[in-house]
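# Structure assessment
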Amino acid sequence: MSLRIYFCGSIRGGRGDAGIYSRIIGHLKRFGQVLTEHVGRPDLSEKGEGGMQVDDKHIHDRDLQWLREADVIVAEVTQPSLGVGYEIGRALAMNKKILCLFRTPSTYALSAMIRGAANGTNVHVKDYSEEKVEIVIQQYFEQQL
C-alpha cells in the first residue's frame, strides 16, 4: 500500500506536541509518502515556516495542493489549532478520508465540530494514549483503507 498522506499538526498554535507528531509521521511512512513531513520537525518553531522566509500565501497554496493530492488525512488534534481545523474543514469539503487523533488524558476538550464530524465512513475520530498511538493508526489503515 503506497498512499499519499497529509498529516496535520499544530504549528503556530503551539509546538508542544512536535515529538508525538514526529513519532506519528514515522509510523505513517509505513503506509506511504507523508506530504507534510516537516510538521514533525523539532526545529520548526511556533513562527512556522514563515520564520524561514516562506510567506503565508505560499504555505497556504502549497498545502492546499498537497491536500488535494492526498489519499488520506491524518490530523493530531489534541493541541487546538486554527490551521488544523481549517485543513480538516477543507478536507471534508473534498470528501477525503480523515482520521483525527486526540490524545487522552488531555487538559483540552476536543471541539464538538471535530468530534461531531465523525460519521463512521470517511471521517473517524479516535482517542488514543501515547503508548498506543501506533496501534490505533495501524488498525485504522487496516480497516478503512
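So, here's what we can say about the structure. (Residues numbered from 1 in each chain as written. Predicted model: local features only at pLDDT ≥ 70, side-chain atom pairs only at ≥ 80, totals over all residues. Heavy atoms only, no water.)

Let us now look at the overall build of the protein chain. Along the protein chain, the regular secondary structure elements total five helices and five strands. For the protein chain, the succession of helices and strands along the chain, N to C, is β-α-β-α-β-α-β-α-β-α. Taking 2.2 N^0.38 as the reference for a compact globule, 145 residues should give roughly 15 Å; the C-alpha atoms of the protein chain span a radius of gyration of 14 Å, in line with that estimate. When the backbone C-alpha atoms are referred to their principal axes, the protein chain occupies close to 40 × 35 × 30 Å. Here the contacts in the protein chain between residues at least 6 apart in sequence split such that 75% fall between residues at least 24 apart. Accessible area of the protein chain: about 7,500 Å², with a carbon and sulfur share of 51%. (Helix = DSSP H or I, 4+ residues; strand = E, 2+ residues; numbered from the N terminus. Rg over C-alpha atoms; globule rule 2.2 N^0.38 Å. Contact = heavy atoms within 4.5 Å. Areas by Shrake-Rupley, 256 points an atom, 1.4 Å probe, with all protein chains shown as cover.)

The next subject is the pairing of strand β1 (residues 3–8). Here β1 lies mainly inside the structure; five of its six residues are buried. Two strands pair when backbone bridges link them, and β1 and strand β2 (residues 32–34) are joined in this way by three bridges, in the parallel orientation. By the bridge assignment for β2, I5 is matched with V34. One crossover worth recording links β1 to the parallel β2 by way of helix α1 (residues 18–28), and it is right-handed. (Buried < 20%, exposed > 50% of the residue type's maximum accessible area, 1.4 Å probe, protein only. Pairing = 2+ DSSP bridges. Right-handed = clockwise from strand over helix to strand, strands pointing away.)

The contact between helix α2 (residues 56–69) and helix α3 (residues 82–93) brings their axes to 11 Å, and the two run at 45°. In this view, α2 runs oblique relative to α3, as classed from their interaxial angle. Between α2 and α3 lies a crossing of right-handed hand. Packed against α2, whose contacting residues are H60, D63, L64 and L67, the element α3 presents Y86, E87, R90 and A91 at the interface. Considered class by class, the residues forming the contact of α2 with α3 number four nonpolar, one polar and three charged. (Axes fitted to C-alpha atoms, helices over the stretch in contact; angles between N-to-C directions. Parallel < 35°, antiparallel > 145°, perpendicular 65-115°, else oblique. Left-handed = near helix turned anticlockwise from the far one by under 90°. Nonpolar A, V, L, I, M, F, W, Y, C, P; charged D, E, K, R; others polar.)

What follows covers the side chain of R15. With respect to the element layout, R15 can be found in the loop between β1 and α1. Of the side chains with opposite charge, D43 comes closest to the buried, unpaired R15, at an N-O distance of 6.9 Å. There is a polar contact of 2.9 Å between the side chain of R15 and the backbone oxygen of R41. Setting aside its immediate chain neighbours within four residues, R15 contacts S10, Y21, V39, G40, R41, L44, S45 and E46. (Lys, Arg positive; Asp, Glu negative; His and termini not counted. Salt bridge = Lys/Arg side-chain N within 4 Å of Asp/Glu carboxyl O. Polar contact = N/O pair within 3.5 Å; in protein donor to acceptor, adjacent residues only side chain to side chain.)

Spatial relationships are all this shows, so hold off on functional conclusions.
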